[in-house]
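One-letter residues, chain by chain:
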Amino acid sequence: SQVTFEEESQNPPAVGHWKPLMPSKGDKEEAESGCQDAGGVHEPQSTEQLNVSRLRSSSVEIREKGSEFLRDELHKAQKELKLKDKECERLSKVREQLEQELEELTASLFEEAHKMVREANTKQAAAEKQLREARGKIDMLQAEVTALKTLVITSTPSSPNRELHPQLQSPCKAGFRKGHGRNKSTSSAMVAAASQNVPPEPASRECREVDSILFAEFQAWKESPTLDKSCSFLDRIYREDVGPCLDFTKQELSELVRVAVEQNTLTIEPVASQTVPVGKVAAEECGGPKKCALSGLPRTCKHRIMLGDSGNYYYISPSCRARITAVCNFFTYIRYIQQGLVRQDVELMYWEVMRLRREMSLAKLGFYPSEM
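Residues numbered from 1 in each chain as written. Predicted model: local features only at pLDDT ≥ 70, side-chain atom pairs only at ≥ 80, totals over all residues. Heavy atoms only, no water.

**Thoughts on the pairing of strand β3 (residues 313-316)**
Inclusion rule: Throughout, exposure labels follow a simple rule: accessible area from a 1.4 Å probe, protein chains only, divided by the maximum for the residue type, with under 20% read as buried, over 50% as exposed, and the rest as partly exposed. Strands are runs of DSSP state E lasting at least two residues, helices are runs of H or I lasting at least four, and both sets are numbered from the N terminus onward. Strand pairing is defined by DSSP finding a minimum of two bridges between the two strands.
Side chains of β3 alternate between two faces, with Tyr313 and Tyr315 and Tyr314 and Ile316 buried alike. In terms of strand pairing, strand β2 (residues 303-307) meets β3 through four bridges, oriented antiparallel. In the strand pairing of β3, Met306 is matched with Tyr313. Two successive antiparallel strands, β2 and β3, enclose a turn made up of five residues, where Gly308 displays a positive phi of approximately 70 degrees.

**Things to note about the nonpolar core**
Rules: Residue types Ala, Val, Leu, Ile, Met, Phe, Trp, Tyr and Cys, when buried and joined through side-chain atoms within 4.5 Å, form a set referred to as a nonpolar core. The criterion used for residue contact is that any of the two residues' heavy atoms lie within 4.5 Å.
Core analysis: the largest hydrophobic core is formed by 52 residues, its most contacted members being Val257, Leu266, Leu294, Ile305, Ile324 and Phe330. In terms of residues, this core owes the most to one element, helix α10 (residues 318-338), which gives eleven residues. With sequence-adjacent residues up to four places away left out, Ile305 is seen in contact with Val257, Leu266, Thr267, Ile268, Asn312, Tyr313, Tyr314, Ile316 and Ile324.

**A closer look at helix α7 (residues 232-245)**
Stated precisely, the cut-off is as follows: For a helix, the expected span equals 1.5 Å multiplied by the number of residues minus one. At every residue, the bend is computed as the angle between two fitted axes, covering the seven residues ending there and the seven beginning there respectively.
When the terminal C-alpha atoms of α7 are compared, their 19 Å separation across 14 residues agrees well with the 20 Å that a helix rising 1.5 Å per residue should span. Considering bend angle alone, the principal kink of α7 is centred on Tyr238 and spans about 50 degrees. Of all the residues in α7, the buried ones are Phe233, Leu234, Arg236, Ile237, Tyr238, Asp241, Val242 and Cys245. Residues of α7 that are buried make contact with α6 (212-223), α8 (251-262), α10 and α11 (346-364).

**Describing the confidence of the model for the protein chain**
We count it as follows: Confidence of the predictor in every single residue is expressed as pLDDT, which spans 0 to 100.
Per-residue confidence for the protein chain gives a mean pLDDT of 76, with 68% of residues at or over 70. Here helix α5 (residues 190-195) is the element of the protein chain with the lowest mean pLDDT, 40, and α7 is the one with the highest, 94. Note on residues 164-203: pLDDT under 50 across the span, and 94 contacts to partners over four residues away in sequence or across chains.

**Examining the sheet that holds strand β1 (residues 266-270)**
Condition: For helices, the fitted axis covers only the stretch in contact; all axes are lines through C-alpha atoms, and the angles between them, taken along N-to-C directions, range from 0 to 180 degrees.
Strand order in the open sheet made by the three strands is β1-β2-β3, with antiparallel pairing throughout. On the outer flanks of this sheet lie β1 and β3, each paired with one strand and no other. The average undirected angle you get between the axes of adjacent strands in this sheet is 30 degrees. Where α8 meets the sheet, it contacts β1, β2 and β3, and its direction lies at approximately 75 degrees from that of β2.

Pasting the structure below:
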């Protein structure tokens with residue numbers, strides 16, 4: 001409209017030819033009165049002023065409508081922003097609540113998991129303890145059953161077992177061994193040999209005196225019994241008794257016998273005179289009824305030994321048998337002490353160990369009962 005106004009102002013219409021677009025009633029009256037008063041001289045000037053005022057009023061009206069439209073749009077945008085802010089605030093609260101619930105759930109799950117682990121560890125420890133106790137009881141019962149079987153099997157009319165027939169023992173000896181008579185050897189035929197390997201006691205009662213060094217070593221070993229030869233108690237016995245007692249002419253076989261005795265896998269059994277050597281080993285290595293496999297000397301062999309489950313038998317003389325059984329008796333007794341099967345005073349156990357050491361000493365010197 002402004003452009004039109006400028007064009008019209010530059011090119012004014014001819015006098016008497018301009019026509020108003022929509023002249024109002026008042027305008028007509030003013031124009032007519034003006035024309036009448038002016039007499040036609042001022043008619044172009046009045047018309048131009050009228051057009052300018054109309055254009056001004058139109059631009060003002062357009063400006064007001066535009067500003068009103070912009071205000072409406074601004075109000076709408078502000079309302080939308082407020083709604084967006086409220087929605088963001090609500091979503092933030094929801095997120096915080098979810099994070100808190102997630103943390104609480106994670107903490108409860110970890111606590112429950114730790115509780116289950118603690119309970120499982122406690123149950124496992126209790127089960128392992130019960131298993132160890134059960135195994136200990138089983139080992140003890142198996143040892144007692146084996147000992148009883150050995151006592152029964154090795155008792156014959158020609159060679160009665162003194163453990164089964166206390167009346168064959170001397171009164172003092174029977175009373176001394178009453179406390180642990182059932183806790184003897186667990187290896188086959190060792191108890192019978194041990195019961196027959198005791199030299200005759202003198203008629204007069206012997207005097208005894210505890211050696212302080214030996215007793216201290218035994219007490220220290222008794223606190224924590226072990227079969228490890230590095231301890232001072234067993235080291236002395238290995239050096240003074242076991243080693244010399246198992247030192248035979250056949251060194252290689254002697255070493256095998258010592259290992260079998262330590263591992264409790266050696267078997268001694270009586271044989272008839274007509275029995276021939278059994279196994280893959282040559283007859284001269286096994287000896288025979290008339291030759292000892294350990295000493296290599298011609299001797300009458302009434303017993304033979306087997307090392308583990310090899311199936312090879314070696315004939316041994318009565319002297320070699322006495323030496324082996326003396327060492328086996330010693331190891332059997334200390335194994336029973338280690339397993340807690342001997343219920344005696346420390347001093348009585350010490351004297352029983354000394355008696356077994358004396359048997360080894362006598363056997364290595366060649367003393368043995370005639371019935372062997």
